[in-house]
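# Notes for the structure review
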Amino acid sequence: MPPAVPSPLPTETVSISAVAAHAGVSVATVSRVMNEQAGVRAPTRDKVLASVAALGYRMNHLARSLRTAESRMLLTMVPDVGNPFYAQIVRGIDTVAREHGYFVLLCDTGADAGRERSYFDLLRMHRADGAICLDPDTVQHALSHESVSLPWVACCEFDPAVAVPYVGIDNHRAASDAVAHLLARGHTRIGLINSDERYLYARQRQQGYLDTLAGAGLPVQPQWVHTVQSLDYEAGTAATLRMMAQPGAPTAIFAVSDTLAIGVLSALRQLKKRVPEDVAVIGFDDIAIAAQIDPGLTTIAQPMRELGETAARLLLQRLADPAAQVPGVLLNHNLVLRGSA
């Protein structure tokens with residue numbers, strides 16, 4: 001019979017000294033390998049990793065964080081984790097964070113300044129190394145006085161006047177592109193379903209809508225502009241039913257998010273309106289379901305995953321050199337044409 005292969009020791013009994021003895025190297029060498037530091041030859045690194053696997057050793061991250069004052073934890077503060085728009089952004093953040101040995105803690109703030117401050121307390125107490133904030137820029141203003149002392153960056157929502165690195169898109173231009181497409185299709189009565197104006201994107205997209213219509217010499221009727229306080233499908237449906245009940249109702253509707261736009265389509269079905277023949281619809285974001293509904297949703301695509309990846313890289317730059325001037329970044333958007341407009 002072949003000799004029995006010894007089972008790994010229980011994880012809690014395996015020390016770094018045991019790994020060093022098994023590999024025939026010093027404790028310092030094992031430490032350098034486990035912390036991915038330079039200065040260890042490849043054959044030695046392989047030997048250490050083989051001993052780690054054989055013994056079932058797991059590094060004590062809590063002890064490491066106490067020694068280094070690093071938690072290896074990044075906070076991602078999201079105003080609504082139920083919104084599918086944020087899912088791809090968070091995946092992008094997580095991908096880059098893990099590539100650099102960090103973990104991500106997802107924080108649902110509900111766009112509430114008090115809840116956001118409580119999460120930032122984790123930075124103040126060094127329970128987390130940095131934060132990525134997707135909350136409204138109006139909420140972020142409460143932390144502007146700590147923009148230098150606390151390591152955080154803004155994603156999607158930002159104020160260039162605050163000294164915090166940011167990544168986003170040109171919302172004004174993107175909204176203008178959406179409205180220009182409807183104008184090119186011959187529409188002159190174009191409605192807007194907008195979101196909570198605490199958000200930068202809502203203010204910028206509305207202004208892009210207004211400026212583009214003004215540039216075309218078209219008046220904006222107040223009854224064509226509806227502001228809702230959530231991005232739920234139901235909010236888009238209710239706003240559309242109110243809008244279409246008005247005399248001289250729009251022949252096209254621009255919604256500032258895909259979730260609202262899908263609600264618009266639901267309302268138009270209830271009203272027996274054909275899309276796009278009777279009413280054209282454009283959304284914003286290009287979430288996954290936008291391509292699966294019938295008709296497919298014409299929309300402004302945001303590079304959601306790239307937004308998250310870029311935000312994480314900006315934060316890592318700031319952590320690596322707190323004194324560095326990390327610039328803001330605007331990524332490109334894209335008009336995706338489908339059946340709804």
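Reference entry: report on the structure contained in this document. Only a predicted model underlies this, so the values are computations on that prediction, with no experimental measurement involved.

Right, let's get into the overall build of the protein chain. On a plain count of helices and strands, the protein chain comes out with 12 helices and 12 strands. Considering the protein chain as a whole, with its 341 residues, one finds that 48% of them fall into the buried category. Across the protein chain, every contact between residues at least 6 apart in sequence was considered, and the portion connecting residues at least 24 apart equals 69%. Summed over all atoms, the accessible surface of the protein chain reaches about 16,000 Å², with 54% contributed by carbon and sulfur.

This part covers empty space enclosed by the protein. Enumeration according to the criterion identifies 2 cavities of 30 Å³ or more in this entry. Approximately 170 Å³ is the volume found for the largest cavity. Lining the largest cavity are 17 residues, and of these Phe85, Cys156, Tyr201, Arg205 and Gln302 sit closest to its centre. Listed by contribution, the elements that provide at least two residues to the lining of the largest cavity are helix 5 (85–99), strand 5 (166–169) and helix 9 (200–215). Residue composition of the lining of the largest cavity, by class: 9 nonpolar, 5 polar and 3 charged.

Once that is clear, we can look at the nonpolar core. Membership of the largest hydrophobic core comes to 70 residues, with the highest contact counts inside it found for Ile89, Ile132, Cys155, Ile193 and Phe254. Contact partners of isoleucine 193, with chain neighbours within four places excluded, come to His226, Val228, Gly236, Ala239, Thr240, Met243, Ile253, Phe254, Ala255, Val256, Leu260 and Val264. Of all hydrophobic cores here, the second largest spans 16 residues; its members include Leu150, Trp152, Val162 and Tyr166.

On to the sheet that holds strand 4 (residues 152–155). What the 6 strands build is an open sheet, ordered 2-1-3-4-5-11; its pairing is parallel. In the strand order of this sheet, the two ends are held by strand 2 (103–108) and strand 11 (329–331), each with one partner. The sheet shows a mean angle of 20 degrees between the axes of neighbouring strands, direction not considered. Here 4 bridges tie strand 1 (residues 73–78) to strand 3 (residues 130–133), and the two strands are oriented parallel to one another. When the sheet's bridge partners are listed, threonine 76 is paired in strand 3 with isoleucine 132. Set on the sheet, helix 6 (residues 113–124) makes contact with strand 1, strand 2, strand 3 and strand 4; between it and strand 1 the angle comes to about 170 degrees.

In contact at an axis separation of 10 Å, helix 2 (residues 27–34) and helix 3 (residues 42–55) are set at 90 degrees when each is read in the N-to-C sense. Taken together, helix 2 and helix 3 sit at an angle that is classed as roughly perpendicular. Each of Thr29, Val30, Arg32, Val33 and Met34 in helix 2 lies in contact with helix 3, whose residues at this interface are Thr44, Arg45, Val48, Leu49 and Val52. Taken together, the residues of the contact of helix 2 with helix 3 break down into 6 nonpolar, 2 polar and 2 charged.

Those residues of helix 2 lying buried are Thr29, Val30 and Val33. All buried residues of helix 2 project into a common sector of 100 degrees when viewed along the axis, lining one side. Those residues of helix 2 hidden inside the fold are in contact with helix 1 (16–23) and helix 3. Backbone geometry just after helix 2 places glutamate 36 at a positive phi near 55 degrees.

Turning our eyes to something else, we now look at the pairing of strand 8 (residues 252–255). On strand 8, burial covers both faces: Ala252 and Phe254 on one face and Ile253 and Ala255 on the other are all buried. Two strands pair when backbone bridges link them, and strand 6 (residues 190–194) and strand 8 are joined in this way by 4 bridges, in the parallel orientation. Bridge pairing in strand 8 places glycine 191 opposite isoleucine 253. With 3 bridges joining them, strand 8 and strand 9 (residues 280–285) adopt parallel strand pairing. For phenylalanine 254, the partnering residue across the bridge sits in strand 9 and is isoleucine 282. Handedness of the crossover is the feature at issue here: the chain leaves strand 8, passes through helix 11 (residues 258–270), returns alongside strand 9, and the resulting connection is right-handed.

Attention shifts here to the pattern of salt bridges. What the rule picks out here adds up to 6 salt bridges. Aspartate 121 is the partner of arginine 124 in a salt bridge, and the nearest nitrogen-oxygen pair spans 2.5 Å. Here arginine 124 pairs with aspartate 121, and both are found in helix 6, just 3 residues apart, close to one helical turn. Taking the relative accessible area as the measure of exposure, arginine 124 reaches 30% and is therefore partly exposed.

To continue, consider the sheet that holds strand 12 (residues 334–336). Across the sheet, 6 strands lie side by side as 7-6-8-9-10-12; this open sheet has mixed pairing. The open sheet has two edge strands, strand 7 (225–227) and strand 12, and neither has a second partner. Put simply, the sheet's adjacent strands are angled 15 degrees from each other on average, direction ignored. By the bridge criterion, 3 bridges tie strand 10 (residues 298–301) to strand 12 in an arrangement that is antiparallel. The residue of strand 12 that forms the bridge with threonine 299 is valine 336. Each of strand 6, strand 7 and strand 8 is contacted by helix 10 (residues 233–244), which is oriented at about 145 degrees to strand 6, the strand it contacts most. Helix 11 rests against strand 6, strand 8, strand 9 and strand 10 of the sheet, and its axis sits at about 160 degrees to strand 9.

This part is about helix 9. A rise of 1.5 Å per residue sets the reference length of helix 9, with its 16 residues, at 22 Å; its end C-alpha atoms lie 22 Å apart and thus fit the reference within 8%. For helix 9, every residue scored as buried is listed here: Leu200, Tyr201, Ala202, Arg205, Gln206, Gly208, Tyr209, Thr212 and Leu213. Just downstream of helix 9 lies glycine 217, where phi reads positive at about 75 degrees.

Each value, and the rule that gives it
- Every chain's residues receive numbers from 1 upward, in the order its sequence appears when written.
- Local features are withheld for residues below a pLDDT of 70 in this predicted model, meaning they are given only at 70 or higher, and side-chain atom pairs are given and counted only at 80 or more; totals for whole chains, interfaces and linings count all residues.
- Excluded from the side-chain calculation are hydrogens and water; included are all heavy atoms of the structure.
- The way it works is that DSSP assigns letters per residue, a run of H or I at least four long becomes a helix, a run of E at least two long becomes a strand, and they are numbered from the N terminus.
- Classification of residues uses two cut-offs on accessible area relative to the type maximum, computed with a 1.4 Å probe and protein chains only: under 20% is buried, over 50% is exposed, and between them is partly exposed.
- The criterion used for residue contact is that any of the two residues' heavy atoms lie within 4.5 Å.
- A 1.4 Å probe and the Shrake-Rupley method give the accessible areas. Residues count as covered only by the protein chains that appear here.
- In this analysis a 1.4 Å probe is tested at points of a 1 Å grid over the protein atoms alone, and where it fits but cannot get out there is a cavity; an open set with protein on both sides within 12 Å along at least five of seven lines is a pocket; lining residues have an atom within 4 Å of a point.
- Grid points are joined across faces, edges and corners, and a volume is the space filled by probe spheres set on the points.
- For this scheme, ten residues count as nonpolar: Ala, Val, Leu, Ile, Met, Phe, Trp, Tyr, Cys and Pro. Four count as charged, namely Asp, Glu, Lys and Arg, and the remainder, Gly too, count as polar.
- Remark: nonpolar core denotes a set of buried residues (Ala, Val, Leu, Ile, Met, Phe, Trp, Tyr, Cys) joined through side-chain atoms within 4.5 Å.
- Should DSSP find at least two bridges between two strands, the strands are regarded as paired.
- Lines are fitted to the C-alpha atoms to define the axes, a helix being fitted only along its stretch in contact, and any angle between axes, read from their N-to-C directions, falls within 0 to 180 degrees.
- Any angle that falls under 35 degrees is termed roughly parallel, while one over 145 is termed roughly antiparallel, one within 65 to 115 roughly perpendicular, and all others oblique.
- Here, the arc refers to the directions that run from the helix axis to the C-beta atoms.
- When the strands point away from the viewer, a crossover counts as right-handed if the route from the first strand across the helix to the second turns clockwise.
- Counted as salt bridges are all cases of a side-chain nitrogen of Lys or Arg within 4 Å of a carboxyl oxygen of Asp or Glu.
- Here the expected span of a helix is defined as 1.5 Å times the quantity of residues minus one.

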